[in-house]
Amino acid sequence: VILKALDNMKNCYVSGMEKLVFEEISLNGVLEESIAAYYAALTEKGITPIISMPEEKIIRRLDKAALSRIFANLLNNALKYSDGDLEITLEKTGEIVFANTAASLGRVEVERMFDRFYTVENAGKSTGLGLSIAKWIIDAHDGTIEVLSRPDIGTRFTVTFPRKMNIVMEEE
């Protein structure tokens, strides 16, 4: 009996050019690399992220470059909108939360958050593509992204990926 992973996204492309390559990766490792890449820029803006993740590796079958792009988009938003704090949490379940106390968003802004070219008023020179690209990539991995924004908790993005992608058994 052979376990064969059927990636139903074999022909998915990021930005119309890069084919998604699914492999078993550590969410912890990719998240750590992404935070390290943004750490200097974050601290330069007075943001010292509070990071919480389990010691055990959280493994998912994803495209590593695409996952890095998702994290980069979320970290870039934290740079633009945070009021000086950022909390990043990776749960043992694989749920990843990016939270800060940026000004809360209204219902319409939250509903349109993932629309292409949509920006909030204080976005400055933003293109409005980062979160729509992140959502598209997450959807291509059968994952979910949700945003919650309230005055008492600030803004939090929650990203979740499935444990396994279509594992089937084949006999030779």
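Here we summarise the structure given alongside this text. (Residues numbered from 1 in each chain as written. Predicted model: local features only at pLDDT ≥ 70, side-chain atom pairs only at ≥ 80, totals over all residues. Heavy atoms only, no water.)

Glancing now at helix α1 (residues 27-44). With 18 residues, α1 extends 26 Å from end C-alpha to end C-alpha; this agrees with the ideal 26 Å at 1.5 Å per step. At tyrosine 38, α1 shows its strongest bend, of approximately 50°. Every buried residue of α1 is listed here: Leu27, Asn28, Val30, Leu31, Ser34, Ile35 and Leu42. Structurally, α1 contributes buried residues whose contacts are with β4 (23-26), β5 (50-52), β6 (59-62), α2 (64-81), β7 (87-90) and β8 (96-100). (Helix = DSSP H or I, 4+ residues; strand = E, 2+ residues; numbered from the N terminus. Expected span 1.5 Å × (residues − 1). Bend = angle between axes of the 7 residues up to and from the residue. Buried < 20%, exposed > 50% of the residue type's maximum accessible area, 1.4 Å probe, protein only. Contact = heavy atoms within 4.5 Å.)

Judged by nonpolar contacts, the single largest core of 34 residues is most densely connected at Leu67, Ile70, Ile96, Phe98 and Phe161. Mapped onto this core, the elements with two or more residues apiece are α1, α2, β7, β8, α4 (130-140), β9 (144-150) and β10 (154-160). Among the elements that line this core, the one with the most residues is α2, at 8 residues. (Core = buried A, V, L, I, M, F, W, Y, C linked by side-chain atoms within 4.5 Å.)

For the rest of this paragraph, the subject is the sheet that holds β9. The mixed open sheet is built from 5 strands, whose spatial order is β5-β7-β8-β10-β9. Of all strands in the sheet, those with a lone pairing partner are β5 and β9, marking the two edges. Strand after strand, the sheet turns through a mean of 10° between neighbouring axes, direction not considered. Bridge analysis of β9 against β10 gives 7 bridges, and the strand direction is antiparallel. Bridge pairing in β10 links glutamate 146 to threonine 158. Relative to β7, α1 is tilted by about 165°, and along the sheet it contacts β5, β7 and β8. Taken strand by strand, α2 contacts β7, β8, β9 and β10, and its axis lies near 10° from that of β8. (Pairing = 2+ DSSP bridges. Axes fitted to C-alpha atoms, helices over the stretch in contact; angles between N-to-C directions.)

Side-chain alternation along β6 places Arg60 and Leu62 on a buried face and Ile59 and Arg61 on a face that remains uncovered. In this structure, β4 lies alongside β6, joined through 4 bridges in antiparallel fashion. By the bridge assignment for β6, glutamate 23 is matched with leucine 62.

What follows concerns the pattern of salt bridges. Evaluated as defined, the whole model comprises 3 salt bridges. In this structure, the salt-bridge partner of lysine 135 is aspartate 139, at a minimum N-O distance of 3.1 Å. On the criterion of helical spacing, the pair formed by lysine 135 and aspartate 139 is a turn pair, its members being 4 residues apart in helix α4. For lysine 135, a relative accessible area of 28% corresponds to the partly exposed category. (Salt bridge = Lys/Arg side-chain N within 4 Å of Asp/Glu carboxyl O.)

By themselves, these are just geometric observations and shouldn't be taken as functional.
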